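Summary of the model geometry
Here is how the chains run, residue by residue.
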Amino acid sequence: MNDCLFCKIIAGEIPSKKIYEDEKCYAFYDISPQAPVHFLVIPKTHIKDANALSAENADVVAHAYVKIAEIAKSLGIAEGGYRIVNNCGKNGQQTVPHLHFHVLGGRMMTWPPG
Ligand code: AMP
Ligand code: ZN
């Protein structure tokens, strides 16, 4: 998508601290980390948010979760645990309208979320 920040990151038009990529997803460190380890996993296809998922395009979600598990192990946060967050829409406080999963680890999380 032309004017999408995360599509531009995938295309290399905006720099990012890449962790991993393959044909379906791209993983990189969040520019404003909220935990000692905070990275994002995004599908390479532009999907706006969780509301835009359907049986036709949802394979990228399972793929992203498999990669999250692998990356979490490689970054040393798997054993201690971590949180996966997907903000959706206005009430979810989504700020970038390209589906993404936050992975936060390296500290104890709190609940409920704000
Ligand atoms: P959300 O608020 O759930 O839409 O999350 C968007 C996330 O993208 C925020 O945590 C931002 O810090 C992060 N972010 C915004 N711009 C960049 C960027 N250029 N590189 C890496 N992360 C970014
Ligand atoms: Zn996009």
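Residues numbered from 1 in each chain as written. Chains lettered and ligands numbered in written order. Predicted model: local features only at pLDDT ≥ 70, side-chain atom pairs only at ≥ 80, totals over all residues. Heavy atoms only, no water.

1. Digging into the environment of D49
For clarity, the threshold we go by: For the purposes of this entry, the term helix denotes a DSSP run of H or I that reaches at least four residues, the term strand denotes a run of E that reaches at least two, and both are numbered from the N terminus. Note on classification: 1.4 Å probe, protein chains only; a residue is buried when its accessible area is under 20% of the maximum for its type, exposed when over 50%, partly exposed between these limits. Within 3.5 Å is the distance limit for a polar contact, defined as a pair of N or O atoms, with the added protein rule that one can donate a hydrogen and the other accept it, and that residues adjacent in sequence qualify only through two side-chain atoms.
Looking at the element boundaries, D49 is found in the loop between β3 (37–43) and α2 (59–75). For D49, a relative accessible area of 8% translates into the label buried. Separated by 37 residues in the primary sequence, D49 and N86 have C-alpha atoms spaced 8.6 Å apart. A distance of 2.9 Å separates a polar atom in the side chain of D49 from the backbone nitrogen of N51.

2. Side note on the coordination of the zinc ion (ligand 2)
In plain terms, the rule: Metal donors: N, O and S atoms at distances within 2.8 Å, or within 3.2 Å for Na, K and Ca, with water omitted from the atom set so that some sites may seem incomplete. Under this scheme a four-donor centre is tetrahedral when all angles range from 85 to 135 degrees, a four-donor centre is square planar and a six-donor centre octahedral when opposite donors are above 155 degrees with the rest from 65 to 115, and any other centre is irregular.
For the zinc ion (ligand 2), the full set of protein donor atoms is C4 (SG), C7 (SG), H46 (ND1) and H98 (ND1), at a range of 2.1 to 2.3 Å. For the zinc ion (ligand 2), the 4 donor atoms in the first shell make angles of 105 to 117 degrees at the metal, so the coordination geometry reads as tetrahedral. Mapped onto the polypeptide sequence, the residues donating to the zinc ion (ligand 2) form the spacing pattern C-x2-C-x38-H-x51-H. One end of the pair, H46, is in the loop between β3 and α2; the other, H98, is in the loop between β4 (82–85) and β5 (101–105), and 52 residues separate them in sequence. Judged by its relative accessible area of 0%, H98 is buried.

3. Details of the pairing of β3
Note on strand geometry: in a regular strand, side chains alternate between the two faces of the sheet. Where we set the bar: The criterion for strand pairing is that DSSP finds at least two bridges linking the strands in question.
The buried count for β3 comes to 7 of 7 residues, which makes it a mostly enclosed element. Where strand β2 (residues 25–29) meets β3, 5 bridges bridge the pair, whose relative direction is antiparallel. Note on β3: the bridge partner recorded for A27 is V41. As paired strands, β3 and β5 are joined by 5 bridges and run antiparallel to one another. The residue bridging H38 from the neighbouring strand is L104, located in β5.

4. Some points on the pattern of salt bridges
Rules: Counted as salt bridges are all cases of a side-chain nitrogen of Lys or Arg within 4 Å of a carboxyl oxygen of Asp or Glu.
Evaluated as defined, the whole model comprises 5 salt bridges. Close ionic contact of D59 with K24 constitutes a salt bridge, the shortest N to O distance being 3.3 Å. Here the residue D59 occupies a position in helix α2, and K24 occupies one in the loop between β1 (18–21) and β2, the gap between them amounting to 35 residues. Note that E70 is salt-bridged to K67, the shortest N-O span being 3.1 Å. Residue E70 and its partner K67 are both found in helix α2; the two are separated by 3 residues, about one turn of the helix.

5. Let's talk about the side chain of H102
Inclusion rule: Here a residue-residue contact requires only that any non-hydrogen atoms of the pair lie within 4.5 Å.
Its place among the elements puts H102 in strand β5. Setting aside anything within four residues of it in sequence, one finds H102 in contact with D30, H38, F39, L40, R83, I84, V85 and N87.

6. Quick notes on the site of ligand 1
Note the cut-off: Proximity is defined per residue: if any heavy atom of the residue lies within 4 Å of a molecule or strand, that residue is considered near it. Only the protein chains shown count as cover for residues, with accessible areas throughout obtained via the Shrake-Rupley method and a probe of 1.4 Å. Cavity: a set of points on a 1 Å grid over the protein atoms alone where a 1.4 Å probe fits but cannot get out. Pocket: an open set with protein on both sides within 12 Å along at least five of seven lines, its lining residues, like those of a cavity, having an atom within 4 Å of a point. Throughout, a molecule is located in a cavity or pocket provided that more than half of its atoms lie within 2 Å of its grid points. Under the grouping applied here, Gly and all other residues not named as nonpolar or charged are polar, the nonpolar ones being Ala, Val, Leu, Ile, Met, Phe, Trp, Tyr, Cys and Pro and the charged ones Asp, Glu, Lys and Arg.
By nearness alone, 16 residues border ligand 1, and D30, N87, T95, H100 and H102 come closest of all. N87 is positioned such that a nitrogen or oxygen atom in its side chain is 2.8 Å from an oxygen atom of ligand 1. Within the side chain of H102, an N or O atom sits 2.8 Å from an oxygen atom of ligand 1. In isolation ligand 1 offers 510 Å² of accessible surface; the protein chains occlude 84% of this area. When each cavity is represented as a set of grid points, ligand 1 is found to reside in the largest pocket. Those elements that place two or more of their residues in the shell around ligand 1 are α1 (5–11) and β2. No other element matches α1, which puts 3 residues into the shell around ligand 1. Partitioning the shell around ligand 1 into residue classes produces 8 nonpolar, 7 polar and 1 charged.

Honestly, it's all geometry; don't read function into it.
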